[in-house]
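Examination of the molecular architecture
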Amino acid sequence: MLDISDLSLSFGDKQALDSISLSITSGEKIAIIGSSGSGKSTLISYIYDQLQGSAAYCSQQQGLVESLSVFHNIYMGALGRNSAVYNLFNLAFPFKKPLLEVTAIANSLELDCPISQAVSQLSGGQRQRTAVGRALYQDMPMFIGDEPFSALDPVMGKRLINLVLQQHQTVIMVLHDMDMALQYFDRVIGLRDGRKCIDTDAAALSAEMLQAFYEDSTHFIGASIEPAEIA
Amino acid sequence: MPDLVNMSSTPRQAFFGYWQKVTLILLCVTMACFYWADTEIIALEPWSELQRIGLGFLAPDFLATEYLLEAVWQTVSFALLGVAAGLLFGAPVALFYNKPVVAAACAFIRSIHELFWALLFLQVFGLSPLTGVLAIALPYGATFARVFSDILQQAPIYTLQNIPANTDKVSRYIYGRFAHVMNEIKAYVRYRFECALRSSAILGFVGMPTLGFYLESAFRQGHYHQGAALLILFIIMIGSIPFWCRAKLLPLYFIAALWLLPELTTIDGSLVWRFLSDDILPPMFQSHSMDLLLDDRWQLFAKWFYNIVTEQALPGMLATVLLAVAALGFSYLLALLMTTFSFKPLTGTFIARINNFILLILRSVPEYIFAYIFMLLLGPSMLPAIIALAIHNGALVAYLTGRQSTTTSFSRHFNGKIDGYAYDILPRIYPNMMALLFYRFEVILRETAILGMLGVATLGFYIDSNFSEIRFNGALVLIGATALLNILIDIASRRLLVNASLSHKPC
């Protein structure tokens, strides 16, 4: 489905990706791990660019529209399916069909706020679930996500990962939770300083090996805990 | 620790930030302009006149003006139709504003004050409502184009990454970009409507049947009881916009405005043609000088043009710039002062409320009236004009910045005193205040036009005299000079402001 060979990308002086080669086949569930600045987000957005037509994307920046409601933000997943006129009318007067569908998605994501609420008033976890909802509503065979559950508690995170895995044939996701990567995904790719260090079956990896991978990649930087993990 | 050594050797000027430099430069330039501007105080014995003005405000006479309701309605109606037409023209143009030709054309249209557009259209359409509506619609539309395009550029781009790849262009634009800034655009249109009310009133100064017509004649004839009543009415009208200008009522007003529009006077085609083909030509090319030889004509033209440029355009430009920069500096000082006063946690509810009320009055009163009153007090020089512009614009910037400071979250350590304010609040609102102030410079420059009509020798003064002497050709050259000046300053300010994503610069 996708073959990447010897990919290098850099921004200014900083080398983000360094000769990465990998191939992805349909049906795989892939977790991408690595410490901050290892090139995960660059890789995943590159993968999305290659697979655009058949994948739903959930970026780390979310790109939610603050002034619009939860409903409209999730509805944006369906923009490609409907005509411009339909989309415009729906902006002013939501149609019944998308209202029902989006309500169902909001319920499955355990969104505990009215879908008429503006996104600007949501909590961090609610925002993340809205962004995931928008990706789910795209109804694509593939889901590409960049830490889509980082602001959720682990229990809910696991329930929602299950939901995403059930609804998509192929899933590629950046994660920082190692347990989740091992438990739910069948292939793990580990990046360090823009290079691919791990690319193997999840079954072949143990938590200890992953721990060692992280310690290796962080001990150059000096700090062992990144702020995001404390939060 | 090595870091400490580094700190102690950091030179003092390293802490002298971007905004401190900008502020210092602004103040220096202001002082220089103020020095060169004509600011002599000519004591006139103004007290008896001032006393009569004061008495007028103590006992305003609301019944003295005939057709008062019509005047109020005309003011609202021109503003409403003008803004609507401006939106129809400006909103689509905003999408192409990145093309230099479009930007230049808009800068040209914008740089000509509503009053001058009105004076031009008066020659063509007469006192028809078309004159009033078009005079507002053109410059407002060009401003909408610029501001909308600026606002849209600031919309985050992340949304576009996340929506389905096969989304059509229109939906992509509306959901992915426009939706982000919808509220900002709405707020801006609302604010421009307030400006349009003022513009619409001011169109009365050149004869349109709005409040300004009655206001100007009342003040000029010394009927201060009537003038005060009109001014109070006008301030109430602006201050009560939130109550009567509801989104739901707008369609109703709009239909009423169209329905109740005074009859369009029939436009005399031959007059229009004469104006366009003969009146606006330089005198030696007009039909009455048919017998001149072509060479002579060009020679006369060169001389005529040279005279206008050296005797009117250049002195006018110089005076305009001196006046505008001096006014900008004083607007800054006033804005800083009044923004501070309007911060409730610092000054308390009572003072903040009074300050906000004063701000409302100061920003609602047309500069023209201030300039008039100060001219009585201080005699005819640039000083009254500088003070009038500074008061009006300083109050406006303070109002907008003050609104921002009420929603700014500050640290829990804020001590409620002026030093706490300077550390905690001011650095957060200062970039925005300065950005607003610099945006106002363009407006101040345009507003010098109105003060020209009071006799301050800005470009507006020369244009007005040309119009009143029925020398359209000369007026046109000077309008061109005004536009040129505005475009040059627009280009300079764009370089200065937009490139360096202004509000993110540290203080």
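All values reported here derive from a predicted model rather than from experimental measurement. (Residues numbered from 1 in each chain as written. Chains lettered and ligands numbered in written order. Predicted model: local features only at pLDDT ≥ 70, side-chain atom pairs only at ≥ 80, totals over all residues. Heavy atoms only, no water.)

1. Focus on the packing of helix H3 (residues 47-58) of chain B against helix H11 (residues 224-239) of chain B
All names here are of chain B. We apply this condition: Here an axis means a line fitted to C-alpha atoms, over the contact stretch when the element is a helix, while the angle between two N-to-C directions is reported on a 0 to 180 degree scale. Per the convention used, a helix needs a DSSP run of H or I reaching at least four residues, while a strand needs a run of E reaching at least two, with both numbered from the N terminus. Throughout, the term roughly parallel applies to angles under 35 degrees, roughly antiparallel to angles over 145, roughly perpendicular to angles from 65 to 115, and oblique to all others. Each helix crossing is assigned a hand: it is left-handed if the near helix lies turned anticlockwise from the far helix by less than a right angle, otherwise right-handed if that turn is clockwise. By the convention used here, residues are in contact when the closest approach between their heavy atoms is within 4.5 Å.
In contact at an axis separation of 7 Å, H3 and H11 are set at 55 degrees when each is read in the N-to-C sense. By the criterion of interaxial angle, the relationship of H3 to H11 is oblique. Crossing angle aside, the handedness with which H3 passes H11 is right-handed. Along the contact surface, H3 presents Glu 49, Arg 52, Ile 53, Leu 55, Gly 56 and Phe 57, while H11 presents Tyr 224, His 225, Ala 228, Leu 231 and Ile 232.

2. With respect to the pattern of salt bridges
Two side chains of opposite charge can pair, provided their charged atoms sit close to one another. All names here are of chain A. Inclusion rule: By definition here, a salt bridge exists when the distance from a side-chain nitrogen of Lys or Arg to a carboxyl oxygen of Asp or Glu is within 4 Å.
All told, the structure shown has 18 salt bridges over all chains when counted by the stated rule. Between Lys 97 and Glu 101 there is a salt bridge, and its shortest N-O distance comes to 3.6 Å. Within this pair, Lys 97 and its partner Glu 101 are both found in helix H4 (residues 96-108), separated by four residues, close to a single helical turn.

3. Comments concerning the packing of helix H15 (residues 294-341) of chain B against helix H16 (residues 344-364) of chain B
Helices that pack against each other are described as a pair by the angle of their axes relative to one another and the distance between those axes. Residue and element names in this part refer to chain B. Where H15 meets H16, the axes come as close as 8 Å, and the angle between the chain directions of the two elements is 135 degrees. When the axes of H15 and H16 are compared, the pair comes out oblique. Across the interface between the two elements, Met 338, Thr 340 and Phe 341 of H15 pack against Leu 346, Thr 347, Ile 351, Ala 352, Asn 355, Leu 359 and Leu 362 of H16.

4. A look at the domain arrangement of chain B
Bring the parts together and some accessible area is lost; that lost area is often taken as the interface size. Residues and elements named next belong to chain B. This is how it is decided: Either an automatic procedure or a domain database provided the assignment from which the domain bounds are taken. Counting of polar contacts relies on pairs of N or O atoms within 3.5 Å, with two restrictions inside protein: one atom must be capable of donating a hydrogen and the other of accepting it, and residues adjacent in sequence are counted only when both atoms are side-chain atoms. Each residue gets one of three labels, nonpolar for Ala, Val, Leu, Ile, Met, Phe, Trp, Tyr, Cys and Pro, charged for Asp, Glu, Lys and Arg, and polar for the others, Gly among them.
For chain B, the assigned domains are domain 1 (16-45 + 292-507) and domain 2 (52-267). Computed from C-alpha atoms alone, the centre-to-centre distance between domain 1 and domain 2 is 20 Å. At the junction of the two partners, domain 1 supplies 35 residues and domain 2 supplies 34 residues. Where domain 1 meets domain 2, there are four salt bridges. One salt bridge in this structure joins Glu 194 and Arg 363, with 3.2 Å as the shortest N-O distance. On the surface where domain 1 and domain 2 come into contact, there are eight residue pairs in polar contact (both at pLDDT 80 or more). Broken down by secondary-structure element, the contributors of at least two residues to the side of domain 1 that touches domain 2 are H16, helix H17 (367-378), helix H18 (382-407), helix H19 (418-453), helix H20 (459-468) and helix H21 (472-497). If one sorts the elements of the side of domain 1 that touches domain 2 by residue count, H21 sits on top with nine residues. In terms of residue class, the side of domain 1 that touches domain 2 is built from 21 nonpolar, five polar and nine charged.

5. Brief notes about helix H4 (residues 68-94) of chain B
To keep things clear, this is the line we draw: Multiplying 1.5 Å by the residue count of a helix minus one yields the expected span of that helix. The angle between axes fitted to the seven-residue stretch ending at a residue and the seven-residue stretch beginning at it gives the bend at that residue.
Counted at 1.5 Å a residue, the expected span for H4 of chain B with its 27 residues is 39 Å, and the 38 Å between its end C-alpha atoms agrees. For H4 of chain B, the principal kink sits at Leu 87 of chain B and spans about 30 degrees.

6. Some points on the environment of Ser 23 of chain A
All names here are of chain A. Using the following cut-off: Type-normalised accessible area, obtained with a 1.4 Å probe on protein chains alone, sets the label of each residue: buried when under 20%, exposed when over 50%, and partly exposed for intermediate values.
Mapping Ser 23 onto the fold places it in strand E2 (residues 14-24). Residue Ser 23 is classed as partly exposed on the basis of its relative accessible area, which comes to 34%. Between the alpha carbons of Ser 23 and Ile 4 there is a distance of 5.9 Å; along the sequence they are 19 residues apart. Once residues within four sequence positions are removed from consideration, Ser 23 is found in contact with Leu 2, Asp 3, Glu 28 and Arg 187.

7. Description of unusual backbone geometry
All names here are of chain A. The backbone phi angle of Glu 147 is positive, close to 45 degrees, even though this residue is not glycine. Note on placement: Glu 147 falls in the loop between strand E5 (142-146) and helix H6 (154-167). Relative accessible area serves as the criterion here: at 13%, Glu 147 is assigned to the buried category. Positive phi values are uncommon outside glycine, yet Asp 193 reaches one of about 50 degrees.

8. Some remarks on the packing of aromatic side chains
To keep things clear, this is the line we draw: Side-chain rings of Phe, Tyr and Trp (the six-membered ring for Trp) are treated as a pair once their centres are within 6.5 Å; stacked means planes under 30 degrees apart, edge-to-face means over 60, and tilted covers the remaining angles. Put simply, a charge is over a ring when the Lys NZ or the Arg CZ is close to the ring centre, within 6 Å, and near the line of the ring normal, within 35 degrees.
Counted under the stated rule, the structure contains 24 aromatic pairs over all chains. Considering the side-chain rings of Phe 301 of chain B and Phe 305 of chain B, the 5.9 Å spacing of their centres and the 25 degrees angle between planes classify their relative orientation as stacked. Note that Phe 301 of chain B and Phe 305 of chain B are positioned in helix H15 at a spacing of four residues, about one turn of the helix. For Phe 305 of chain B, a relative accessible area of 37% puts it in the partly exposed group. Taken together, the ring pairs connect Phe 71, Tyr 75 and Tyr 137 of chain A together with Tyr 175 of chain B into an aromatic cluster. Against the face of Tyr 137 of chain A rests Arg 81 of chain A, its NZ or CZ located 4.9 Å from the ring centre. Arg 192 of chain B extends its terminal NZ or CZ atom over the ring of Tyr 140 of chain B, reaching a point 4.2 Å from the ring centre.

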